[in-house]
Amino acid sequence: MLILTCPGQLQRLEEALRRSLPFSLPVLGAVMTVARGNPASHEVLVDSWPHFGVVLTRLRPEEHRDPGDFYANQLTVYYRDEGAWRALLGGTEAVGWTRAFQMQGMQEGMYEAVREAADAKGLRLETYPYQALLSPQPPRPRVQVPPGLRLAPVSPSHVPLLNATWGFGGNARSRRFLLGLVRALPNVCLLGPRGRPVSWSLLDPLGCLSHGYTLPAWRGQGLTGVTLGALGRGLHARGFPIYCRVLPRNTSSQRAVRAVGFLPQPGTFYTLVVTPQ
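Report follows, based on the coordinates. (Residues numbered from 1 in each chain as written. Predicted model: local features only at pLDDT ≥ 70, side-chain atom pairs only at ≥ 80, totals over all residues. Heavy atoms only, no water.)

Right, let's talk about the overall build of the protein chain for a bit. On a plain count of helices and strands, the protein chain comes out with 8 helices and 13 strands. Dimensions of the protein chain, computed from C-alpha atoms along their principal axes, come out at roughly 60 × 40 × 35 Å. Put simply, the protein chain has 277 residues, and 53% of those count as buried. The contacts of the protein chain with a sequence gap of at least 6 include a subset with a gap of at least 24, amounting to 70%. Looking at the protein chain as shown, the accessible area adds up to about 12,300 Å², and 51% of this sits on carbon and sulfur atoms. (Helix = DSSP H or I, 4+ residues; strand = E, 2+ residues; numbered from the N terminus. Buried < 20%, exposed > 50% of the residue type's maximum accessible area, 1.4 Å probe, protein only. Contact = heavy atoms within 4.5 Å. Areas by Shrake-Rupley, 256 points an atom, 1.4 Å probe, with all protein chains shown as cover.)

A few words on the environment of Met1. Note that Met1 resides in the segment before β1 (2-4). It is 41 Å that separates the C-alpha atoms of Met1 and Arg255, two residues lying 254 residues apart in sequence.

This part covers helix α3 (residues 82-91). All buried positions along α3 are accounted for by Trp85, Leu88 and Leu89. Burial along α3 is one-sided: seen end-on, the buried residues are contained in an arc of 95 degrees. Across α3 from its buried face, at more than 90 degrees, point the exposed residues Gly90 and Gly91. Where α3 is buried, its residues contact β3 (54-59), β4 (74-79), β5 (101-105) and α4 (110-120). You can read the cap of α3 off the contacts: a side-chain oxygen lies 2.9 Å from the backbone nitrogen of Gly83, and it is on Asp81. (Arc of directions from axis to C-beta. Polar contact = N/O pair within 3.5 Å; in protein donor to acceptor, adjacent residues only side chain to side chain.)

Below, the discussion takes up the pattern of salt bridges. This model, assessed by the stated rule, comprises 10 salt bridges. Among the salt bridges present, the one from Glu63 reaches Arg65, with a minimum N-O distance of 3.4 Å. Note on Arg65: relative accessible area 69%, which makes it exposed. Between Glu126 and Arg124 there is a salt bridge, with its nearest N and O atoms 3.8 Å apart. The exposure class assigned to Glu126 is partly exposed, which follows from its relative accessible area of 24%. Residue Arg124 is classed as partly exposed on the basis of its relative accessible area, which comes to 43%. Shared partners join several salt bridges into a network, and the residues in it are Asp66, Asp69, Arg173 and Arg176. (Salt bridge = Lys/Arg side-chain N within 4 Å of Asp/Glu carboxyl O.)

Okay, structure coming up:
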């Protein structure tokens, strides 16, 4: 695998991935994040250049500190050749199978290939099939910032609240991961009268709007649209696709993001968590 670091190569790859939307969404977002300062310390690999069959993004090897931390150890894949993708899984060290990780992708066959490789190695696989939604323009909030609330960046001091309310959080690794997002990537929250966040949204290393949450007492007021609108305007200005992923059973979040302009995309956005038994 070749590591792309040249700005011209990354720009050329971005253009190629845009032609394959929406199925290249997670990889495109990760590549654009790398090309614009690389705040999440990821890297971009291809099997060949300029005519590639597989694009893989991953956390830089030197950033690995905890072999059990699948929160930080995120990979994305887009491939033109499924055979090349399967060969990469089985015959290279591009994917570090001795560490816990999560793999993200939207293509037919991606899940099956990872499942077969994980089974062959005796590893545990958890599958989370999301609905991807894309907003062609910056999200359009239905309400203005309500009186008594104000938009502000999320602070590191808010991370315990974010961690406690995240369905996949509540532990030391998730707390460390959220703290890294808050420090490195764009985010926004609505602060209540006492300076405590009541609604928030973050950006993840894949350029995906994520970790959105509104405290129960503040729901039903359109606050999710306010935070998504604020972040979406910044993404649009920088040329990023404005997208998110929502579990199909999370109907309230589905309604909230559709109400401000997000459109469901074809296919399944897979998050596959692989851990040693």
